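Spelled out, the chains give:
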Amino acid sequence: MSDLLELRPFMTRPPDDATVNNIAMMSGNEIDPITGLKGVKTQFGRPDWVKEFTNIAQQNEGHDIGVFFCGPAMLSEMLDKSCSKVNADPDIERTNTMYFYNKENF
């Protein structure tokens, strides 16, 4: 595992005109126009969590991975089920990687 923390931001709503203009102006820049972070690129649309978690597991074979979440109950349930599916589904390529889902409520 090369990094302790990896960010994968997703923008699930259509961008407004100002955001589209900002993306166009910053095209080719190392700084992400949505997050302002260097080396982190925002992805557009809703993520396929099982696919995302499977890819992360393959990149971090044999490691435990914590998923930390604070937000709406419906998304929390989706993330929890996706972690469990990747941990247990025999159709998903096994990597000896385990996901541990953690949620915070305020």
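Now for a quick tour of the structure.

The rules behind these values
Residues numbered from 1 in each chain as written. Predicted model: local features only at pLDDT ≥ 70, side-chain atom pairs only at ≥ 80, totals over all residues. Heavy atoms only, no water. Helix = DSSP H or I, 4+ residues; strand = E, 2+ residues; numbered from the N terminus. Buried < 20%, exposed > 50% of the residue type's maximum accessible area, 1.4 Å probe, protein only. Contact = heavy atoms within 4.5 Å. Areas by Shrake-Rupley, 256 points an atom, 1.4 Å probe, with all protein chains shown as cover.

### Some details on the overall build of the chain
From N to C terminus, the chain includes three helices and four strands. Along the first, second and third principal axes, the C-alpha set of the chain runs to 45 × 30 × 25 Å. A total of 106 residues make up the chain; the buried ones form 27% of that total. For the chain, the share of sequence-separated contacts (at least 6 apart) that also reach a separation of at least 24 residues comes to 64%. Summing over all exposed atoms, the chain offers an accessible surface of approximately 7700 Å²; the carbon and sulfur share of this is 54%.

### Observations concerning the side chain of Thr54
Turning to its location among the elements, Thr54 is positioned in helix α2 (residues 49-59). Dropping the residues within four chain positions of it, Thr54 is found in contact with Val86 and Ile92.

### Comments concerning the environment of Pro14
Topologically, Pro14 is positioned in the loop between β1 (10-11) and α1 (17-25). Assessed through its relative accessible area of 68%, Pro14 is described here as exposed. Along the chain, Pro14 and Pro33 lie 19 residues apart, while their C-alpha atoms are 15 Å from each other.

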